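Chain by chain, the residues:
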Amino acid sequence: MGDVGCSHFATYIKEFGYDSFTVVHAYFSACIGKEARRRKALSCLCHKCGGSGPQLFSCLHCIYFGCKGAHINEHYKLTKHFMALELCYGMLYCYQCRDFIYNSECQAIAERHLRREARSLNKSLSWRPWSPSKLEIELLLKNPKRRHVTAYSSIGLRGLLNLGSTCFMNCIVQALIHTPLLRDYFLAELHECTSKTAAKCLVCEVSRLFQEFYSGARGPLSLHRLLHLIWNHARHLAGYEQQDAHEFFIATLDVLHRHCKISMTELAANVAAAAAAEKSQQQPQNQHSNTNFHLPQGSLQQQLLQQSTSNAQPLSATTTGTQPMAPNAGATSNATPADPNPAQCNCIIDQIFTGGLQSDVVCQACNGVSTTIDPFWDISLDLGESSNSQGYGGPPKSLIDCLERFTRAEHLGSSAKIKCNTCKSYQESTKQLSMRTLPIVASFHLKRFEHSSLIDKKISTFISFPSELDMTPFMSQKKSDQQQQPLSGGADRKASTHSADNVGANGSSTPAATGMAGSSSGQGDEDRGTNGGGNGSQHSRDTADFRYSLYAVINHVGTLDAGHYTAYVRHQKDIWVKCDDHIITTATLKQVLDSEGYLLFYHKKILEYE
């Protein structure tokens, strides 16, 4: 059939041309503007039964809408009008071929209409199937051999040169490169940077690194450009001394998040500017006509629009749905008007790495609960001994032990009383942390470096961690069910996360911890986004599977003064490799699980695929 359709469509085009297709698609399929949407809502109904779908066809020979099946087939049998347009997806259908057909000219018209629809609605263009450009067609013709990825393929593996104590950066980059959804995002080239200073954009540099990793080349890469950008945007990491890999990981996510947010703001501003420019260009014309373009008198297209207007029926009143507010939507926001979404950031970093940490402070006098939900990118877990006398005083032996101690209720004591709004006085309380929402990638930081005024030391205690992790016992709903029984004390542990603490060190309560009566949601770090803690209950219902699989482990060998970072990453299913700067070697799962472990990265199993 080719890209010109069938012979029947060629006959149709000779007689009618593309005008009918253009108007019907613009007004009743893509809906290029407000007027088109109004006309479709009023008159796009089956002429046989008066229904609106679910799937309507429009005859391209005359003015007729018919439901899929009997109604549109009956019209064809009576009139022998063989060309129709399916309005939901904008596909051409030939009744003589009894099949959908493709025409490149109609496809180009449809693409222009879809872009106009997106600008009119101030939204991004919906997903479209990939169609190669002329350059890509030439490359495909020059390289006809398909690259086959086998189980032992090295595609996606590249060593990284050590630029002088930069092993902390190399291991973090290896972990990010092998994050499945992050890989899919950058290899699909979904990042759009509209800034004139794209050379300074860290997201563009990371996108380039993904292309380099999956280019098929095997030589080691130099990360000097990435390091320079990190130095410019995270000045505290600038210098030639060894840095902490965990600190570099958080700083990298922060810079990536800020750059993605800037790009999203610029794109939104450009779309708004384009829409305003188009509206201003159409303004003089709209003073004389309520359509987006003029049609010749007596044409089929004009008859169609006149018929649409004459057949217009009043619509019943409908209620538009509203978006659920994020927990901090009621709080005062410092976001500027340019922020496209001040309550929730939808950048790729927050979609993958941001979760919601719930902190419940319970008054011991009236049992009133104050709930605060804060976003987090990772969870830092203590490895030292606890001074608690409830039997949990020893150091943890596994990741599960660390999480149980992290989420166990803690009595704050008389030196950290808070003011209860119900009791109207300062009361002792307990505090418990739990996971309100979990990110796609759950990263855990084992606090092996202990800094004090007397001595700095490294904790080399072996902490076992599983290859498959179920986070269900640590979810807020699970903890809430357990709290139905009276609390019997809790472990003394530090809530070491990247979220605001509820109680001040001097015993006074912070704003997030006040209001003990009922449940109040505090405001998290707005600039970091609240994707994970925003609509937590809905998110939990949608992805109630809290099982994770290990895909990267970062280790530190040596001492605080003379140490070295290496990384284990999962290259493919059941295939692990060890990344030691520019040296890449195969590894077994046993070697990974027997390693010391400093940063652990788990990916949600429900979103994994082969």
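Residues numbered from 1 in each chain as written. Predicted model: local features only at pLDDT ≥ 70, side-chain atom pairs only at ≥ 80, totals over all residues. Heavy atoms only, no water.

Caption draft 1: Up close: the sheet that holds strand β2 (residues 65-67). Pairing in this open sheet of 5 strands is antiparallel, and the strands run β2-β1-β3-β4-β5 from one edge to the other. Bordering the open sheet on either side are β2 and β5 (99-101), each of which pairs with just one other strand. Mean inter-strand twist for the sheet, computed between neighbouring axes without regard to direction, equals 40°. The strands touched by helix α2 (residues 19-28) are β1 (56-59), β2, β3 (83-86) and β4 (91-94); relative to β3, the strand with the most contacts, the crossing angle is about 20°. (Pairing = 2+ DSSP bridges. Helix = DSSP H or I, 4+ residues; strand = E, 2+ residues; numbered from the N terminus. Axes fitted to C-alpha atoms, helices over the stretch in contact; angles between N-to-C directions. Contact = heavy atoms within 4.5 Å.)

Caption draft 2: Examining the packing of aromatic side chains more closely. Considering all chains together, one arrives at 18 aromatic pairs under this definition. Aromatic pair F249 and F601: ring centres 5.3 Å apart, planes at 80°, arrangement edge-to-face. Taken as a pair, F249 in helix α11 (residues 245-286) and F601 in strand β21 (residues 599-604) lie far apart in primary sequence, 352 residues in all. The rings of F57, Y76, Y93, Y95 and F100 are connected pair by pair, giving a single aromatic cluster. Of note, K80 hangs over the ring of Y76, and the distance from its end group to the ring centre comes to 5.7 Å. (Phe/Tyr/Trp six-rings, centres within 6.5 Å; stacked < 30°, edge-to-face > 60°. Lys NZ or Arg CZ within 6 Å of the ring centre and 35° of its normal.)

Caption draft 3: Spatial organisation of the pattern of salt bridges. Scanning all chains against the criterion turns up 14 salt bridges. Taken together, the shared-partner salt bridges in this structure form one network comprising E205, R208, E212 and R225. (Salt bridge = Lys/Arg side-chain N within 4 Å of Asp/Glu carboxyl O.)

Caption draft 4: The arrangement of the state of the cysteines in detail. Evaluated as defined, the whole model comprises 0 disulfides. The structure places no disulfide on C62, whose sulfur is separated from the nearest cysteine sulfur, that of C59, by 3.8 Å. (Disulfide = S-S within 2.5 Å.)

Caption draft 5: Spatial organisation of a nonpolar patch on the surface. On the surface, a nonpolar cluster with roughly 310 Å² of combined accessible area is contributed by Y89, M91 and F100. Its location among the elements puts F100 in strand β5. Residue classification places F100 among the partly exposed positions, given a relative accessible area of 33%. (Patch = residues over 30% accessible without salt bridge, like charges linked within 9 Å, V, L, I, M, F, W, Y side chains within 5 Å. Areas by Shrake-Rupley, 256 points an atom, 1.4 Å probe, with all protein chains shown as cover. Buried < 20%, exposed > 50% of the residue type's maximum accessible area, 1.4 Å probe, protein only.)

Caption draft 6: Main features of the packing of helix α8 (residues 180-187) against helix α9 (residues 202-213). For the pair α8 and α9, the least separation of the axes is 9 Å and the interaxial angle reads 95°. With respect to α9, the element α8 is oriented roughly perpendicular. Judged by residue contacts, L182, R183, F186 and L187 of α8 engage V203, V206, S207, F210 and Q211 from α9. Broken down by class, the residue content of the contact of α8 with α9 amounts to 6 nonpolar, 2 polar and 1 charged. (Parallel < 35°, antiparallel > 145°, perpendicular 65-115°, else oblique. Nonpolar A, V, L, I, M, F, W, Y, C, P; charged D, E, K, R; others polar.)

Caption draft 7: Just the packing of α2 against helix α5 (residues 104-120), in detail. It is at 10 Å that the axes of α2 and α5 come closest, and there the two elements cross at 30°. By the angle between their directions, the pair α2 and α5 is classed as roughly parallel. The interaxial crossing formed by α2 with α5 has right-handed handedness. Residues F21, T22, H25 and A26 of α2 form the contact with α5, whose participating residues are C106, I109, A110 and H113. Residues of the contact of α2 with α5, tallied by class, amount to 5 nonpolar, 3 polar and no charged. (Left-handed = near helix turned anticlockwise from the far one by under 90°.)

These figures come from the coordinates and say nothing about function on their own.
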